[in-house]
Amino acid sequence: MKFIITIIFISFGLVGLSQGSSIKGHVFDSVNNRFIGNASVVLLNKKDSIILGDTRSQSNGEFLFSGFRFNQPLLLFISYPGYVSLTKEVVANNTTKSEIDLGKISFISQVVLLQEVVVKSNIRSIQLRGDTLQYSTSAIKLPPNASVEDLLKILPGLQVDPSGKITAQGKKVKKVLVDGEEFFSDDPVFVTRNLRSEMIANVQVYDKKSDAAVFTGIEDGVKDKVINLQLKQDKSTGVFGKLETGTGKGIQYTPQNTQAMLNAFKKKQKFASYFSSNNIGQFGLGSTEKNQLGLNNEQEKYDGKGLPEFSTAGLHFDNKWNNDFSSFNGDYYYSIFNISGFDSNYTNTFLPSGTIRRFANTDFQKSGFSHRANVSYKQKVSKSANITLSSVASFSKGESGQQYTASDIDNNEQLLNRIGSQSTTSNDNRKIKTTFLYQQKFKKASRTLSVSFDYLFTGDDEQQVNLSRTEFYNGKPIIDSIRNLDLLRSRSQAHQSMLMGISFSEKINNSLSYIISVNGTNDANDDKNLSRRFLNPGGNIDPSFSTMRKDSRRLYTASLSVNFNRGNLQASFGSAGGTNQLTLIDNILSRKLDKVFDVWRPFGRVDYSINDNTSLGISYRGNTLSPVFQELSPYAFNNSQLITFSENLLIRNAFSNKLSISYESFKSLSKTFTAIVMNVTSVRNPIKMQSSINTSGAYSLQYVNMIGMIDRDFEITGFYSRPIEPLKIQFTLDVSSKTGENYSYINTSLNKLNYSTSSVGLLFSKNKPGIYDMQLGGTVLYDINRLTEGIKNTRNDFFTYKMKSSVDYYIKDKIQFHSDIEFFRQGKNMIFANNFDRLIWNLSLSKSFLSNNQLSLKVSGNDLLNSNAGFARSASSTFFSENRYLTIQRYFMLTATWNFTKYKQIKQ
């Protein structure tokens, strides 16, 4: 209904503009006494910021809007390069005049403004330019040496969590660019914590289109939320950095932290280097860059478990030259790590005959090092052709060891088994990926050709010693049997992948266009995963725990997309289809298997701009889900004393459908953000792991199709943010709800899980730059898990509460006080009889010295109440677990930081 009303108002507005009064004026430089031509003049409705018209001034400074017939206040927004943008309110009354002449509208240049000429004008700090939301931050005065992260925290519509992750209008920000370029592989945390707020002129937030959409000019619906930091002109050339060192005392160890950062910017050249070494869980890089390179191997991850020691170093360089026809971007990283700790895990598995509970404890140690590098070179062959060459490479080596004990108990409190094991592992990983892309535009508009080639190689060598002893009780009070297993395992895996793609696009007319694409992928795996007896390393391999085979996949697809673009409406529909051919050669079983699966991927998308500030989008995507090698024939190498995988060569395709609806709105004058996203997903004949558990607690696992079953998922999220003007508080509301059902087999019994997770989050923030910054927020979540069908009347519902508050208070630009408190509670449920509560309080006090506050000393306390306990609960269709682990607890530190800056002065 609101949509229809909006269309009616817009229609009447257009009719009103076609007849009635007019508005005119002259853009005038009052200091230099001259008119300004080609200035941008935008006419807006003051109430909702809807753009009613836009034009440019003539050579004599004159602009004109005709056909005007509204009686409410309007705004003129005028901008011109080198001048201070301004807004001017206009009150029109078509009953008195047929023409409104605003006369000379004085404009002032930025040069004069820098000479301390005071200008009183209503300059908007937030502007919507096309699809880009721009925050003008030059006038925001933060304490010296404040980071970009400090700046983003006080901008309405943006949120930064304690780990540095950013959300904009409720969506996760995937990249943070600097003047439009990637900086240290677009790792947001690194950029926002190491660049200074004083350097930033504007913060731009927008949905970045895919490279293909940017090149062809044809929307494909692929967008990522991106922040671009525009540097101030006088801060874009110079050298800056910092040195930081800290030490202290903790209850677990002596905390230490050392960081160094050097940046040298010169116009379009950027060079940066850094070094970081600490044992307090702070790293120079976030997860974005590692995911991009595919380097998140298990040994190098740190998820809060254990006590870590990390040292990292990195180099970055990017440059543009030859009138921006040539560009280069490159990064190199080196890291070493050591993590040790322990955890305990309690699990509850539901069976048709009852439950099995497991109590397990693990002590672990892991260490290693890695080298990583990525380079990208772009060359414009001509004004209509581009070539891009990029490559990423890595090498890592690690060692790990663990000691594990566990016992299984049935619902009659009878012991089923007890296991103890220890293992040591050493591995080497190598990876290289190279991409070539050629893009050609032709004379005819939107006629383009793209040719791409990707090559990927990964290699993994591993040596493992695994010793285990399992005592089987089978519900008896005494040991029924004992099995010892000693394995010397060696794994050698090599994977190569080649992808070739050709895409052609062309406009049919001003509204219609099409894209044709053909892609081919050839994957090859050579796996030699062998297990021998540790006490007889020269003996025969054990086929029950060994895999030696070669797998290959040939995937060929072709797609057609038809696109429509007229006015405020954009739409595209199409489909991709092809074949997926799998070949498996098992050298141990001396056999060859061939499987062929059809591929079908229909898609469609409609985007409608209700006005320049409000948009509505609907999209659909279907996808064939073909089984992979590990589902058809799992590695016997992964078997253990209590787990055995079985193959199933009869698995067939599953099919997924996803429907998405999104609504976004921004009102610049009231600084109000609204966003709603809804996703409906279903998977027909899903591929699931079927579990069979015997009376000894041993698992037999096999992947199967849930024939005739449909997994369903419905998710809706909402975001609303606006200032409460009388209190000068920014209010943010986050709501989400996810419900669904899925199926599984356990001991041949069909089980259905109905689940639901709903949450409501509130955040109140108030700040006065350079004086204080306060945030208070909380989230309430409610989880529902209910099993029906084979396992009946199993219910697991619980509440989760999260509350966070933080205060930063600045005293005369020299002293900063910081305090943050986080409370977490997960409520009891049918499985876990007790609530889990955690309250973490951090406190710090810092003082700056020297004329430009270059030196600072900080005293900080982490987890003052010493209550940071590692904890996690999870639930699946028939499985519930609780994990408790060693993590970083209370410590105190004294940290000294020296910031240095030398910018080149810009002559006016």
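Bear in mind the structure is a predicted one, so any value in this text is a computation, not a measurement. (Residues numbered from 1 in each chain as written. Predicted model: local features only at pLDDT ≥ 70, side-chain atom pairs only at ≥ 80, totals over all residues. Heavy atoms only, no water.)

**Student:** Which residues make up the overall build of the chain, and what values go with them?
**Tutor:** Secondary structure assignment for the chain yields 7 helices and 47 strands. Looking at the chain residue by residue over its 908 residues, the buried ones come to 46%. Intrachain contacts of the chain at a sequence separation of at least 6 include 66% that bridge at least 24 residues. When the accessible surface of the chain is totalled, it reaches about 44,700 Å², and 55% of it is carbon and sulfur. (Helix = DSSP H or I, 4+ residues; strand = E, 2+ residues; numbered from the N terminus. Buried < 20%, exposed > 50% of the residue type's maximum accessible area, 1.4 Å probe, protein only. Contact = heavy atoms within 4.5 Å. Areas by Shrake-Rupley, 256 points an atom, 1.4 Å probe, with all protein chains shown as cover.)

**Student:** Tell me about the packing of aromatic side chains, and please be specific about residues and values.
**Tutor:** With the rule as written, the count across this model stands at 19 aromatic pairs. Centre to centre, the rings of Tyr782 and Phe799 are 4.4 Å apart; their planes meet at 40 degrees, and the pair counts as tilted. Of this pair, Tyr782 sits in strand E40 (residues 772-789) while Phe799 sits in strand E41 (residues 794-811), and the two are 17 residues apart along the sequence. By relative accessible area, Tyr782 is classed as partly exposed at 29%. What links up through ring pairs into an aromatic cluster is the set Tyr334, Phe369 and Phe395. Note that Lys270 overlies the ring of Phe265, its terminal NZ or CZ placed 5.8 Å from the centroid. (Phe/Tyr/Trp six-rings, centres within 6.5 Å; stacked < 30°, edge-to-face > 60°. Lys NZ or Arg CZ within 6 Å of the ring centre and 35° of its normal.)

**Student:** Could you give an account of the side chain of Gln440, naming the residues involved and the relevant values?
**Tutor:** Within the fold, Gln440 resides in strand E24 (residues 415-441). At a separation of 3.3 Å, a polar atom in the side chain of Gln440 contacts the side chain of Ser384. (Polar contact = N/O pair within 3.5 Å; in protein donor to acceptor, adjacent residues only side chain to side chain.)

**Student:** Could you give an account of the nonpolar core, with specific residues and numbers?
**Tutor:** Counting residues in hydrophobic clusters, the biggest one holds 36 residues, and the most contacted among them are Tyr135, Leu152, Leu195, Val203, Ile227 and Leu229. Core analysis: the next-biggest nonpolar cluster, separate from the first, contains 17 residues, Phe63, Phe65, Leu76 and Ile105 among them. (Core = buried A, V, L, I, M, F, W, Y, C linked by side-chain atoms within 4.5 Å.)

**Student:** Let's hear about a nonpolar patch on the surface: which residues, and what values?
**Tutor:** The grouping of Val239, Leu262, Phe271, Leu315, Phe317, Tyr332, Tyr334 and Ile336 at the surface amounts to a nonpolar patch, some 600 Å² of accessible area in total. When contributions to the nonpolar patch are tallied by element, the ones reaching two or more residues are strand E20 (307-321) and strand E21 (326-351). In terms of residue count, E21 provides more of the nonpolar patch than any other element does, 3 residues in total. For Tyr332, the position within the fold is in strand E21. Judged by its relative accessible area of 32%, Tyr332 falls in the partly exposed class. (Patch = residues over 30% accessible without salt bridge, like charges linked within 9 Å, V, L, I, M, F, W, Y side chains within 5 Å. Salt bridge = Lys/Arg side-chain N within 4 Å of Asp/Glu carboxyl O.)

**Student:** Provide a residue-level description of the pattern of salt bridges, including the pertinent values.
**Tutor:** In total, this model carries 27 salt bridges according to the counting rule given. Glu882 is the partner of Arg873 in a salt bridge, and the nearest nitrogen-oxygen pair spans 2.6 Å. With respect to burial, Arg873 and Glu882 carry one shared label: buried. In the salt-bridge network here, residues are joined through shared partners; they are Arg418, Arg469 and Glu471.

**Student:** Report on the pairing of strand E33 (residues 654-667), specifying residues and quantitative values.
**Tutor:** Direction of pairing for strand E31 (residues 614-625) relative to E33: antiparallel, over a ladder of 12 bridges. Residue pairing for E33: Thr614 is matched across the bridge by Ser665. Where E33 folds back on strand E34 (residues 672-684), the antiparallel hairpin that results is connected by 4 residues, among which Lys671 adopts a positive phi of roughly 55 degrees. (Pairing = 2+ DSSP bridges.)

**Student:** Explain the sheet that holds strand E11 (residues 158-160) to me, using residue names and the numbers behind them.
**Tutor:** Spatially, the 3 strands line up as an open sheet ordered E11-E12-E13, and their pairing is antiparallel. Across the chains shown, the open sheet's two edge strands, defined by having one partner strand only, are E11 and strand E13 (171-172). As paired elements, E11 and strand E12 (residues 166-168) share 3 bridges and run antiparallel to each other. Bridging from a neighbouring strand, Leu158 pairs with Ala168 of E12.

**Student:** Got a sec to walk through the environment of Glu506? Specific residues and values, please.
**Tutor:** Tracing the backbone shows Glu506 in strand E26 (residues 481-507). Each C-alpha atom, one on Glu506 and one on Leu449, is 9.2 Å from the other, the two residues being 57 residues apart in sequence. One polar contact links Glu506 to Arg447, side chain to side chain, over a distance of 2.3 Å.

**Student:** Describe the pairing of E31, listing the residues and the values that go with them.
**Tutor:** In terms of strand pairing, strand E30 (residues 591-611) meets E31 through 8 bridges, oriented antiparallel. Residue pairing for E31: Asn611 is matched across the bridge by Thr614. Hairpin geometry of E30 and E31 is characterised by an intervening segment of 2 residues between the two adjacent antiparallel strands.

**Student:** Account for the environment of Met709, with residues named and values stated.
**Tutor:** Tracing the backbone shows Met709 in the loop between strand E36 (699-705) and strand E37 (710-724). Distance in space between the C-alpha atoms of Met709 and Lys752 is 9.9 Å, their sequence separation being 43 residues. With near-sequence residues (within four places) excluded, Met709 lies in contact with Val683, Arg684, Asn685, Pro686, Tyr743 and Leu750.

**Student:** Describe the confidence of the model for the chain, naming the residues involved and giving the relevant values.
**Tutor:** On average, residues of the chain score 84 in pLDDT, and 88% of them are at 70 or above. Low pLDDT, under 50, characterises residues 1-19; the stretch is placed with 17 contacts to residues that sit more than four places away or in other chains. (pLDDT = per-residue confidence, 0-100.)

**Student:** Residues and numbers for the environment of Asp542, please.
**Tutor:** Take Asp542: it is sitting in the loop between strand E27 (512-533) and strand E28 (547-566). Spatially, the C-alpha atoms of Asp542 and Arg489 are 10.0 Å apart, while their sequence positions differ by 53 residues. If near-sequence neighbours (up to four positions away) are discounted, Asp542 is found in contact with Ser531 and Arg533.

**Student:** Any chance you could break down the side chain of Ser505 for me, citing the residues and the numbers?
**Tutor:** Tracing the backbone through its elements, the reader meets Ser505 in strand E26. The class for Ser505 is buried, based on a relative accessible area of 0%.

**Student:** Can you lay out unusual backbone geometry for me, pointing to particular residues and giving the numbers?
**Tutor:** Of note in this structure, Asp863 is not a glycine but carries a positive phi near 55 degrees. Structurally, Asp863 is set in the loop between strand E44 (855-862) and strand E45 (870-875). A positive phi angle, near 55 degrees, is found at Asn866, a position not held by glycine. The residue Asn866 is located in the loop between E44 and E45 in this model.

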